[in-house]
Every structure is written in structure tokens, then in C-alpha cells.
Amino acid sequence: DVCSSDLEAAASHPKVFNVMFCGLIKVAEESGKLPQTLKQLAEYLERTDKLQRRIKAMSAYPIFIGVFFIIVCLIMTLFILPQFTDIFSGFGSDLPVFTVVVFAVNNFFVEHIIEIFIGVIVAIAALVFYGRTEKGAYRKDKLKLKVPYAGDLIMKYVLARFCRSLSIMVHSGVDR
């Protein structure tokens, strides 16, 4: 049967065709609206891909700035501030409290950079694995929605996807 092989072919690629797509294909086959549904699904995929590309392009600059900022902070912490510490310690006078605190914190970071790096990597890995659990994914999504400006955009994006999916389902013959 050609129709069932189409559904099987789509189901064998779950990264591209999720459960909703396969369900829509099945319903469209049964209702006789497969060509229209496939056209709507193709348009849906194209619009989704185009939007994802725009989001990636728009986020490239802030990510670059963030990485650049982290690199500058690391250079300051590991190379420049230790030189100032040596220079000021050679004067033999009392330094302001804030300066002493900054130098002490910097010294702590320089002496424990490997432990801090390992701790950050372990914390990120733990958060990633927790985010893959059902409870963690729920909390991650809830947190995303609370982010100023971005949370509102995410909510609108999800709502638009839901409406598009519902429209495709109604047009393909899903009546309940």
C-alpha cells in the first residue's frame, strides 16, 4: 500500500516529522486530503525554518558580544589585575578597602581557576541533564517565559505555532 509506506517513511524520520505530522498524514490519507495537507505541512516547515534562521541570525551578535566580554574578563582576571597587585604591593602603603577586596577576590580566582572551571562545567552539565527530565523541562520552559522581552516573544511564537498546527489539522480532516 502506497499510503501506508508514505506514513512509514515519515515516521522513520522523527527529527523532521514529529508525532503530530505523522498523525496529520494518517488523517489526511483517511479523509482523502493528503495533497492539500502535505502542501500545508511543507509551507509550515518552510516558515518554521525561515523563522529559526532569522532568530539564529539575530542572536549571533549578542552571543558574540557575550563571549567577547567573558574573554576580556578572563584576560583581566588572569593577566592584568595580578600585575597591578604586584605594582601596588611594591609601594608599601595601605590601599583602599575596595581595592584590597578586588585584589583578594581576583587572587582567589587566579589560584582556583581550574577548580572553578571544572565546577562551571559540572554545573552546566547537571543543568543540561536536569533540563532533559520532565520536571526540569517544565521548569526550564517556565523560566524562559519569565525572561523579560524574550518570554513575551517565546509565548507569541508558541501560540502562532499552535494556531498554524490547529489550522492544518482542521483543514486535513481532524474533527475532534
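Refer to the structure above for everything that follows.
Everything numeric here is computed off the predicted structure, so don't read it as measured data.

**Student:** I would appreciate a short explanation of the environment of serine 167 in the present structure.
**Tutor:** For serine 167, the position within the fold is in helix H7 (residues 150–172). In sequence terms serine 167 and glutamine 40 are 127 residues apart; their C-alpha atoms lie 9.3 Å from each other.

**Student:** Can you walk me through the packing of aromatic side chains in this structure?
**Tutor:** Centre-to-centre distance and the angle between the planes together describe a pair of aromatic rings. Here the structure, examined in full by the defined rule, presents 4 aromatic pairs. Between the aromatic rings of phenylalanine 64 and phenylalanine 68, the centroid separation amounts to 6.2 Å while the plane-to-plane angle is 20°, which identifies the pairing as stacked. Of this pair, phenylalanine 64 and phenylalanine 68 are both found in helix H3 (residues 34–89), 4 residues apart, which corresponds to roughly one turn of the helix. Phenylalanine 64 gets classed as exposed once you look at its relative accessible area, which sits at 54%. Consider the rings of phenylalanine 108 and phenylalanine 109, whose centres lie 6.1 Å apart with planes at 70°: the pair is edge-to-face. The exposure class of phenylalanine 108 is partly exposed, given its relative accessible area of 45%.

**Student:** Looking at this model, I keep getting lost on the packing of H3 against H7. Mind explaining?
**Tutor:** Geometrically, a packed helix pair is captured by the angle between its two axes and the distance between the axes. For the pair H3 and H7, interaxial distance at closest approach is 9 Å and the crossing angle is 170°. As far as their axial angle goes, H7 and H3 are roughly antiparallel. In contact with Thr37, Gln40, Leu41, Tyr44, Arg47, Thr48, Leu51 and Gln52 of H3, H7 contributes Tyr157, Arg161, Arg164, Ser165, Ile168, His171 and Ser172. Its residues assigned to classes, the contact of H3 with H7 comprises 5 nonpolar, 7 polar and 3 charged.

**Student:** I keep staring at a positive patch on the surface and nothing clicks. Help me out?
**Tutor:** Taken together, the side chains of Lys135, Arg139, Lys142 and Lys146 present a region of like positive charge at the surface. Looking at where lysine 135 falls in the secondary structure, it is placed in helix H6 (residues 134–146). Taking relative accessible area as the criterion, lysine 135 reaches 51% and is therefore assigned exposed.

**Student:** How should I be thinking about the pattern of salt bridges in this particular structure?
**Tutor:** A side chain of one charge can pair with a side chain of the opposite charge when the charged atoms of the two come close. Counted by the stated rule, this structure contains 4 salt bridges. A salt bridge links aspartate 49 to arginine 53; the shortest N-O distance between them is 2.9 Å. You can see aspartate 49 and its partner arginine 53 sitting in helix H3, 4 residues apart, about one turn around the helix. The class of aspartate 49 is partly exposed, set by a relative accessible area of 33%. Note that lysine 156 is salt-bridged to aspartate 152, the shortest N-O span being 3.6 Å. With lysine 156 and aspartate 152 both in helix H7 and 4 residues apart, the pair spans about one turn of that helix. Lysine 156 gets classed as exposed once you look at its relative accessible area, which sits at 52%.

**Student:** So what exactly am I meant to see when it comes to the layout of surface pockets here?
**Tutor:** Vacant regions in the atomic arrangement are exposed by a probe of water-molecule size rolled over the atoms. Approximately 430 Å³ is the volume found for the largest pocket. If you go around the largest pocket, you meet 14 residues; those closest to its centre are Ile55, Met58, Ala150, Leu153 and Ile154. Counting residues per element, the ones that place at least two in the lining of the largest pocket are H3 and H7. In terms of residues, the lining of the largest pocket owes the most to one element, H7, which gives 7 residues.

Rules of the game
Residues numbered from 1 in each chain as written. Predicted model: local features only at pLDDT ≥ 70, side-chain atom pairs only at ≥ 80, totals over all residues. Heavy atoms only, no water. Helix = DSSP H or I, 4+ residues; strand = E, 2+ residues; numbered from the N terminus. Phe/Tyr/Trp six-rings, centres within 6.5 Å; stacked < 30°, edge-to-face > 60°. Buried < 20%, exposed > 50% of the residue type's maximum accessible area, 1.4 Å probe, protein only. Axes fitted to C-alpha atoms, helices over the stretch in contact; angles between N-to-C directions. Parallel < 35°, antiparallel > 145°, perpendicular 65-115°, else oblique. Contact = heavy atoms within 4.5 Å. Nonpolar A, V, L, I, M, F, W, Y, C, P; charged D, E, K, R; others polar. Patch = residues over 30% accessible without salt bridge, like charges linked within 9 Å, V, L, I, M, F, W, Y side chains within 5 Å. Areas by Shrake-Rupley, 256 points an atom, 1.4 Å probe, with all protein chains shown as cover. Salt bridge = Lys/Arg side-chain N within 4 Å of Asp/Glu carboxyl O. Lys, Arg positive; Asp, Glu negative; His and termini not counted. Charge placed at Lys NZ, Arg CZ, Asp CG, Glu CD. 1 Å grid on protein atoms, 1.4 Å probe; cavity = no way out; pocket = protein on both sides within 12 Å on 5 of 7 lines; lining within 4 Å. Points joined across faces, edges and corners; volume = space filled by probe spheres on them.

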